[in-house]
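Residues per chain are reported as follows:
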Amino acid sequence: MQMLPRPRHEVMKSDPEAVRVLVVEDEHKVASALKEGLEGEGYEVIVEHTGEAALLRLKTDPFEVLLLDLLLPGADGLQVLRTLREQGYETPVLVLTARDTLEDRVTGLDSGADDYLVKPFAFAEVVARIRALLRRGRASGAARLGLADLEMDLVGRKVTRGGRKVDLTLREFELLEYLLRYEGQVVSRGTLARDVWKETARTTSLDNVIDVHIARLRRKVDADCPVKLIQTVRGVGFTLREDEA
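Keep in mind that this is a model prediction, so the values were computed, not measured.

A. Examining the pattern of salt bridges more closely. Counted under the stated rule, the structure contains 19 salt bridges. As a salt-bridge pair, Arg181 and Glu177 come within 2.9 Å of each other at their nearest N and O atoms. Highlighted residues: Arg181 and Glu177, both in helix H6 (residues 170–181), separated by four residues, approximately one helical turn. Both residues of the pair, Arg181 and Glu177, count as buried. Each of Glu25, Glu27, Asp69 and Lys119 takes part in one network of salt bridges that share partners.

In structure tokens, the structure reads:
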């Protein structure tokens, strides 16, 4: 097989409208249902029904997540998965399959799958697992983010400021990661509620909750540092930029 290009090194966006998903599934009804459902969630979805077609597609098109059936005609899902990993393709792969034994799961994960979901599955769980994979940051092509002397290790989930370890909660880590990815851009509280808290239909505002998390994050990241990175833009939102105190 020809070598596949590595994914583009670009910032992973939390907004699902920016996320491209490749569904590789030979059962047309299942593929159509996944495509319709994910598009309804705002994802851009491409479907291929064979392993060979998927590998051809991946030669030229970048994707942030791959949903892969194992029981494919021709090159099966495990062959596709091993080919991708051998050639350095690091995009997260969620296996969707009827193979439900422990041995099958272990084989799939050992072959390079990031997650494994047995059919029949609930669509809501597929969406939740896609979000979890995206949060790991593998598809961004960058294992680290940073600004000035602030560094974030996405794989090890560690943060340092000037060499000093910064202990963050999971939510604080996700919030700082989002600000780093959109460095220099002002993000509103509504955007943070949607993309970090994943809340789109609340009747009560999350503004106070977000303000509390920003305050805690500022104390941990900017405390005792001459250069303050987390900035408040009054009446608009927040931004991460290098400003002198």
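B. A look at the sheet that holds strand E5 (residues 115–118). What the five strands build is an open sheet, ordered E2-E1-E3-E4-E5; its pairing is parallel. Across the chains shown, the open sheet's two edge strands, defined by having one partner strand only, are strand E2 (44–48) and E5. Strand-to-strand twist of the sheet, defined as the mean angle between neighbouring strand axes without regard to direction, takes the value 20 degrees. Summarising the sheet, strand E4 (residues 93–97) and E5 pair through four bridges and their orientation is parallel. Along E5, the bridge assignment pairs Val95 with Tyr116. Sheet strands in contact with helix H5 (residues 123–135) are strand E3 (65–68), E4 and E5, and its direction is about 175 degrees off that of E5.

C. The arrangement of the environment of Leu94 in detail. Positionally, Leu94 belongs in strand E4. Separated by 32 residues in sequence, Leu94 and Val126 have C-alpha atoms that sit 8.7 Å apart.

D. Layout of the packing of aromatic side chains. Inspection of the entire model under this criterion finds one aromatic pair. For the pair Tyr178 and Tyr182, a centre-to-centre distance of 4.8 Å together with 35 degrees between the ring planes defines the contact as tilted. Positioned over the ring face of Phe63 is Arg20, at 4.6 Å from the centre of the ring.

E. The nonpolar core, seen in detail. The biggest cluster of nonpolar side chains holds 29 residues, and the ones touching the most others in it are Leu150, Met152, Leu176, Leu180, Leu192, Ile210 and Leu240. Residue assignment for this core shows that the elements contributing at least two residues are strand E6 (144–147), strand E7 (150–153), H6, helix H7 (189–195), helix H8 (207–222), strand E11 (227–233) and strand E12 (237–244). Once you skip the residues sitting within four places of it in the chain, Met152 turns out to touch Ala143, Arg144, Leu145, Lys158, Val159, Phe173, Leu176, Glu177 and Leu180.

Calculation rules
Residues numbered from 1 in each chain as written. Predicted model: local features only at pLDDT ≥ 70, side-chain atom pairs only at ≥ 80, totals over all residues. Heavy atoms only, no water. Salt bridge = Lys/Arg side-chain N within 4 Å of Asp/Glu carboxyl O. Helix = DSSP H or I, 4+ residues; strand = E, 2+ residues; numbered from the N terminus. Buried < 20%, exposed > 50% of the residue type's maximum accessible area, 1.4 Å probe, protein only. Pairing = 2+ DSSP bridges. Axes fitted to C-alpha atoms, helices over the stretch in contact; angles between N-to-C directions. Contact = heavy atoms within 4.5 Å. Phe/Tyr/Trp six-rings, centres within 6.5 Å; stacked < 30°, edge-to-face > 60°. Lys NZ or Arg CZ within 6 Å of the ring centre and 35° of its normal. Core = buried A, V, L, I, M, F, W, Y, C linked by side-chain atoms within 4.5 Å.

All quantities given are derived from atomic positions and should not be read as evidence of function.
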